[in-house]
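Examination of the molecular architecture
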Amino acid sequence: PDMARLEARKRRYQRRMARQQKPSRKQGIKPSNRYLKTRKRVQKVSRQIRNIRSDWQHRESRKIADRYQYAAVEDLNARGMTRSAKGSVENPGRNVKAKSGLNREILKTGWSGLRRKLAYKMEVIGVDPKNTSRTCHECGHVDRKSRTTQSRFGCVVCEHSGNADVNAALNILALGTRATGQGGRSGYGPGELSRRYGDVDVVNYSL
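Along each chain, residues carry numbers from 1 onward, in the same order as the chain's sequence is written. Side-chain atom pairs in this predicted model are given and counted only at pLDDT of 80 or more, local residue features only at pLDDT of at least 70, and totals for whole chains, interfaces and linings cover all residues. Water and hydrogen atoms play no part in the side-chain values, which are based on all heavy atoms of the structure.

1. Quick notes on the overall build of the chain
The secondary structure listing takes helices from DSSP runs of H or I that are at least 4 residues long and strands from runs of E that are at least 2 residues long, numbered from the N terminus. When helices and strands are counted, the chain shows seven helices and four strands. For the chain, the succession of helices and strands along the chain, N to C, is α-α-β-α-α-α-β-β-β-α-α. Throughout this description, buried means an accessible area under 20% of the type-specific maximum (1.4 Å probe, protein chains only), exposed means over 50%, and partly exposed covers the range between. Out of the 207 residues belonging to the chain, those deemed buried represent 32%.

2. Looking at the environment of Tyr-70
Examined against the element boundaries, Tyr-70 turns out to sit in strand β1 (residues 70-74). Counting along the chain gives 54 residues from Tyr-70 to Val-124, while the straight-line C-alpha distance between them is 5.7 Å.

3. Considerations on a positive patch on the surface
For patch building, the residue pool is restricted to those with more than 30% relative accessible area and no salt bridge; the joining distance is 9 Å between like charges and 5 Å between nonpolar side chains (Val, Leu, Ile, Met, Phe, Trp, Tyr). Surface exposure here means Shrake-Rupley accessible area, sampled with a 1.4 Å probe, where a residue is shielded only by the protein chains that are shown. Salt-bridge detection follows one rule: a side-chain nitrogen of Lys or Arg within 4 Å of a carboxyl oxygen of Asp or Glu. Only four residue types enter the tally: Lys and Arg on the positive side, Asp and Glu on the negative side, with His and both chain ends excluded. In this description, the location of a charge corresponds to atom NZ of lysine, CZ of arginine, CG of aspartate or CD of glutamate. Residues Arg-11, Arg-12, Arg-15 and Arg-19 make up a contiguous surface patch of positive charge. The class for Arg-11 is partly exposed, based on a relative accessible area of 35%.

4. Overview of the environment of Phe-153
Take Phe-153: it is sitting in strand β3 (residues 152-154). Through-space distance from the C-alpha of Phe-153 to that of Cys-136 is 8.2 Å; in sequence the pair is 17 residues apart. Residue contacts are counted whenever heavy atoms from the two residues lie within 4.5 Å of one another. If sequence neighbours within four positions are ignored, Phe-153 has contacts with Ser-133, Arg-134, Thr-135, Cys-136, Ser-146, Arg-147, Thr-148, His-160, Ser-161, Gly-162, Ala-164 and Asn-167.

5. Re the nonpolar core
Counting eight residues, the largest nonpolar core consists of Met-3, Leu-6, Tyr-13, Met-17, Tyr-35, Val-42, Val-45 and Ile-49. Of all the secondary structure elements, the ones that give two or more residues to this core are α1 (3-19) and α2 (33-67). Beyond its immediate chain neighbours, meaning those up to four positions away, Ile-49 contacts Met-3, Leu-6, Glu-7 and Lys-10. Residues Ala-65, Ala-71, Leu-118 and Met-122 belong to the second largest nonpolar core, which totals five residues. We call a set of buried residues a nonpolar core when its members are Ala, Val, Leu, Ile, Met, Phe, Trp, Tyr or Cys and they connect through side-chain atoms within 4.5 Å of each other.

6. Description of the packing of α2 against helix α5 (residues 111-121)
Across the interface, α2 lies against α5 with an axial gap of 9 Å and an inter-helix angle of 45°. Classified by the angle between their axes, α2 and α5 sit oblique to one another. Here α2 and α5 pass one another in a crossing that is right-handed. Judged by residue contacts, Ser-54, Trp-56, Gln-57, His-58, Glu-60, Ser-61, Arg-62, Ile-64 and Ala-65 of α2 engage Gly-113, Leu-114, Lys-117, Leu-118 and Lys-121 from α5. Where helices are involved, their axes are fitted lines through C-alpha atoms of the stretch in contact, as for all axes, and angles between N-to-C directions lie from 0 to 180°. Any angle between 65 and 115 degrees counts as roughly perpendicular, while under 35 counts as roughly parallel, over 145 as roughly antiparallel, and the rest as oblique. Each helix crossing is assigned a hand: it is left-handed if the near helix lies turned anticlockwise from the far helix by less than a right angle, otherwise right-handed if that turn is clockwise.

Laid out in structure tokens, this is it:
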């Protein structure tokens, strides 16, 4: 079964568990047989999801390691990024439902697992993720307005345009190799970074 189907099945079982009798040591309540049965199903589906994700991470990291000497990646704090937005009774959170959905997507991609498996096979260089998607790799100008859409980048200064993910990948590469990619200050002119390091692959962290 594909991941989307397994994820949907897991959510369905979890909703079912929420309606069934839960165990409570304080109140001396034992879990119902239906609850225990549903919990086993959730655990089984969760194992399937973990195994599929782990297999994908191993295969993708092997492909990258066989092709390149090292990988530059953003130092993303996945734990902080997926912190709950519920807040407290005194200070309730905002956009909780939207944040929960974003958290699920982040966790589903398995960034941390892929990075760990890459580190087993090759050198991995972590870089500060700040402004990597807002910086023009051609002129170095930083502006959030340059990210015109999720997939397109158009510099408001030098008018360079292209795929937003590729632009960010070049910035990450520059940081990872201790080059700024900003013209004279780094010693590289426009486009020189790409010519120096060859093709840049953008890894899509999704299943």
